[in-house]
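Chain and residue survey
Residues per chain, in single letters:
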Number of protein chains: 2
Amino acid sequence: MSKETMDYSLYLVTDRKLLGKRDLVKCIELAIQGGVTLVQLREKSVSTKEFLKLAIGVKEITARYKIPLIINDRLDIALAVDAEGLHIGQDDLPMLKARELLGPNKIIGVSASTMDEALLAEQQGADYLGVGAVFSTSTKTDASEVGLKQLELIKKSVSIPVVAIGGISHMNLQQVIDTGIDGVSVVSAILAQENIIMAAKLLRKLIRN
Amino acid sequence: MSKETMDYSLYLVTDRKLLGKRDLVKCIELAIQGGVTLVQLREKSVSTKEFLKLAIGVKEITARYKIPLIINDRLDIALAVDAEGLHIGQDDLPMLKARELLGPNKIIGVSASTMDEALLAEQQGADYLGVGAVFSTSTKTDASEVGLKQLELIKKSVSIPVVAIGGISHMNLQQVIDTGIDGVSVVSAILAQENIIMAAKLLRKLIRN
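As the structure is a computational prediction, the values presented were derived from the model and not from experiment. (Residues numbered from 1 in each chain as written. Chains lettered and ligands numbered in written order. Predicted model: local features only at pLDDT ≥ 70, side-chain atom pairs only at ≥ 80, totals over all residues. Heavy atoms only, no water.)

Remarks on the interface of chain B and chain A
If you look at the interface, chain B gives 17 residues, while chain A gives 17 residues. Buried surface at the junction of chain B and chain A, summed over both partners, amounts to about 1,500 Å²; 64% is from carbon and sulfur atoms. It is Thr48(B), Lys49(B) and Asp76(B) in chain B that bury the most area against chain A; as a group they hold 29% of the surface buried on that side. The interface formed by chain B and chain A contains two salt bridges. For the salt bridge of Arg74(B) with Asp76(A), the shortest nitrogen-to-oxygen distance reads 3.9 Å. If you look at where chain B meets chain A, you find 10 residue pairs in polar contact (both at pLDDT 80 or more). The set of elements that each furnish at least two residues to the side of chain B that touches chain A consists of helix 2 (48-64), helix 3 (75-80) and helix 4 (95-102) of chain B. Looking at which element gives the most residues to the side of chain B that touches chain A, the answer is helix 3 of chain B, with four residues. Its residues placed into classes, the side of chain B that touches chain A shows seven nonpolar, three polar and seven charged. (Contact = heavy atoms within 4.5 Å. Buried area = accessible area lost by both parts, 1.4 Å probe. Salt bridge = Lys/Arg side-chain N within 4 Å of Asp/Glu carboxyl O. Polar contact = N/O pair within 3.5 Å; in protein donor to acceptor, adjacent residues only side chain to side chain. Helix = DSSP H or I, 4+ residues; strand = E, 2+ residues; numbered from the N terminus. Nonpolar A, V, L, I, M, F, W, Y, C, P; charged D, E, K, R; others polar.)

This is how it looks when you write it as structure tokens:
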């Protein structure tokens, strides 16, 4: 799993609230079997101990399938499970500090919702950008909206991979792909579906076409 | 500030809720001027960015006065500001993982409310124990209570420094000191007081006697 060969095409971001009584690790395994190429574990409002426990479970499954695991926000958890990377938002650690603490080999992704944030993150050494929310989303209500035109403009302005996020489903996927981005991040479009493996397969198929 | 010469006698743990409109860094400076020997920055429910910003501000003042700064729970923040140590509770990172990530030179303290937790933490390489809550406390409502006898028993059973915490004030300080512990941790007894410097001075004086 070197940085150069990373496949950002179908990037799953977790949200346990969508799972009901289903097990997170099992759902991630199904999503991977359906074709997810990257997994980001995002947890808010859990204790460090609980986050670590979840991360250990998820790492076991991502490692088995050789899928990179990215931890959202918490560099301590990323270090503790030796995750492949860290995803930082604008309210998390600054990019430069994250790089200093993680070293050059870990993947660091940065959320950007404006051109300025995107250019700064690239300049500071981010490995990829998560740009959104492309469409309004119920899983992250504090996200600023970024239109498709702006997404396309950002993609054209940076040389690192751009992953689109926010309200993306099989219904609107094509418009997002048409902007030229490198991948799509989904939450509900996979995890809120009854048949996770089929939901992931459909997205993967649409992306490949 | 080597581990061997650490002075645990008057250990301030922060709680911004007690400060009203007063500035955290200024209050910590007053507490240090009053005689606090160690500062632990404890923050819950703030973003990583905000926690880091506070930690940078606090580190500036503790460094100026050559007082060790301990970060509660968040190893990422401890690393980011190069704090002198980390304090972990039973819901935080496991002791062994914290040591692996921080190395042998950083101070790691562990909260213990039972003999088993205390002995395990010592065995795993904790540098000190925070034992409590000795008295019931309003600043940490989820803390299990530990009586003075149990505190004394724990102190006699371990060879690392023991700091008592929980509801300690100038009114009940003597009983705590009589158990033979190495220091007292206080929150409200300093930060909820109008005159922080005098509150710290009084505690320090009572400890020295």
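Some points on the relation of the copies chain B and chain A
In screw terms, the move from chain B to chain A is a rotation of 180° and a rise of 0.0 Å along the axis, fitting with an RMSD of 0.0 Å. Taken together, the turn and the small shift mark the pair as related by a two-fold rotation axis. Across chain B, the rotation axis passes nearest the C-alpha of Asp76(B), at a separation of 2.3 Å. (Least-squares fit on C-alpha atoms with pLDDT ≥ 70 in both.)

Describing the pattern of salt bridges
All names here are of chain B. Within this structure, the stated rule accounts for 30 salt bridges over all chains. For Asp-182, the salt bridge goes to Lys-155, with nearest N and O atoms at 2.9 Å. Separated by 27 residues along the polypeptide, Asp-182 in the loop between helix 7 (173-177) and strand 8 (183-186) and Lys-155 in helix 6 (residues 148-157) bring together distant segments of the chain. With a relative accessible area of 33%, Asp-182 lands in the partly exposed category. (Buried < 20%, exposed > 50% of the residue type's maximum accessible area, 1.4 Å probe, protein only.)

Observations concerning the sheet that holds strand 6 (residues 128-132) of chain B
Residues and elements named next belong to chain B. Around the barrel, eight strands lie side by side as 1-2-3-4-5-6-7-8; this closed barrel has parallel pairing. Within the sheet, the average angular offset between the axes of one strand and its neighbour, ignoring direction, is 25°. Note: strand 1 (residues 10-13) against strand 8, three bridges, orientation parallel. Paired with Tyr-11 across the strands is Ser-185, a residue of strand 8. (Pairing = 2+ DSSP bridges. Axes fitted to C-alpha atoms, helices over the stretch in contact; angles between N-to-C directions.)

Details of the nonpolar core
Core analysis: the largest hydrophobic core is formed by 126 residues, its most contacted members being Ile71(A), Leu129(A), Ile190(A), Ile71(B), Leu129(B) and Ile190(B). In this view, Leu129(A) contacts Val110(A), Ala118(A), Ala121(A), Ile154(A), Val158(A), Ile160(A), Pro161(A), Val162(A) and Val163(A); residues no more than four positions away in its chain are not counted. (Core = buried A, V, L, I, M, F, W, Y, C linked by side-chain atoms within 4.5 Å.)

Digging into the packing of helix 5 (residues 115-123) of chain A against helix 6 (residues 148-157) of chain A
All names here are of chain A. Between helix 5 and helix 6, the shortest axis-to-axis distance is 10 Å and the interhelical angle comes to 25°. As judged from the angle between their axes, helix 5 and helix 6 are roughly parallel. Along this stretch, helix 5 crosses helix 6, giving a crossing that reads as right-handed. Judged by residue contacts, Met-115, Ala-118, Leu-119 and Glu-122 of helix 5 engage Gln-150, Leu-153, Ile-154 and Ser-157 from helix 6. For the contact of helix 5 with helix 6, a count of residues per class yields five nonpolar, two polar and one charged. (Parallel < 35°, antiparallel > 145°, perpendicular 65-115°, else oblique. Left-handed = near helix turned anticlockwise from the far one by under 90°.)

Some words on the environment of Glu43(B)
Residue and element names in this part refer to chain B. Residue position: Glu-43 is located in the loop between strand 2 (38-41) and helix 2. Judged by its relative accessible area of 8%, Glu-43 falls in the buried class. Sequence-distant contacts of Glu-43, that is, excluding residues within four places in its chain, are made with Arg-16, Leu-24, Phe-51 and Leu-54. Reaching out from Glu-43, the side chain makes a polar contact with the side chain of Arg-16 at a distance of 2.8 Å.

Comments concerning the packing of helix 1 (residues 24-34) of chain B against helix 2 of chain B
Residue and element names in this part refer to chain B. For the pair helix 1 and helix 2, interaxial distance at closest approach is 9 Å and the crossing angle is 25°. As the angle between them shows, helix 1 and helix 2 are arranged roughly parallel. Like other packed secondary-structure pairs, helix 1 and helix 2 cross with a definite hand, here right-handed. Contacts between helix 1 and helix 2 pair Leu-24, Val-25, Ile-28, Glu-29 and Ile-32 from the former with Leu-54, Gly-57, Val-58, Ile-61, Thr-62 and Arg-64 from the latter. Residue classes in the contact of helix 1 with helix 2 are distributed as seven nonpolar, two polar and two charged.

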